[in-house]
Amino acid sequence: MTPVTRQEVLSLYRKIFRIAKKWQSASGQIEETIKEKEYIENEAKTLFQKNKNVTDPKLIKQCIEECEARIEIGLHYNIPYPRPIHLPPMGLAHKHRRTLRHQEKLRKISKPIYLKSHDEVS
């Protein structure tokens, strides 16, 4: 990891914890706010810990982009949880296919960047 990339990653890590510290839930309830703050902190710790040994520059860049996207979406919608994708159950597969392999491949490709690591951790 280059020094510039390292600083960028550390900056994102600190930014997430600053956001969690100031986080206020949309409902305004104290219990909900505490729960969401804990989720933000735990999710950040888990994902950063999982990716601490990544050395491929392209994969590091992808992780940084995912982090930035999740931060922006979370702040915009005031929801710390990843927004679900809405695809019809069989909307991507060809009708003449007997296996779901093609369907699964298309779903994986169509998954937004902010959800790439969510299924791996959850």
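Per an unreviewed UniProt entry, the protein is named LYRM1 protein, and its organism is Hemiprocne comata.

Attention now goes to the packing of aromatic side chains. Going through the model one piece at a time under the given rule, you end up with 3 aromatic pairs. Ring geometry for Tyr13 versus Phe48: centroids 4.8 Å apart, planes at 70°, classification edge-to-face. Placement of the pair is Tyr13 in helix α1 (residues 3-22) and Phe48 in helix α2 (residues 30-50), with a sequence separation of 35 residues. Site record: aromatic cluster; members linked through ring pairs are Tyr13, Phe17 and Phe48.

Among the secondary structure elements, Thr5 is positioned in helix α1. Setting aside chain neighbours within four positions, we find Thr5 in contact with Ile60 and Ile64.

Right, let's talk about unusual backbone geometry for a bit. Here the phi dihedral of Asn78 falls at roughly 60°; this positive angle occurs in a residue that is not glycine. Among the structural elements, Asn78 can be located in the loop between α3 (57-77) and α4 (101-110). For Asn78, a relative accessible area of 26% gives the class partly exposed.

Calculation notes
Residues numbered from 1 in each chain as written. Predicted model: local features only at pLDDT ≥ 70, side-chain atom pairs only at ≥ 80, totals over all residues. Heavy atoms only, no water. Phe/Tyr/Trp six-rings, centres within 6.5 Å; stacked < 30°, edge-to-face > 60°. Helix = DSSP H or I, 4+ residues; strand = E, 2+ residues; numbered from the N terminus. Contact = heavy atoms within 4.5 Å. Buried < 20%, exposed > 50% of the residue type's maximum accessible area, 1.4 Å probe, protein only.

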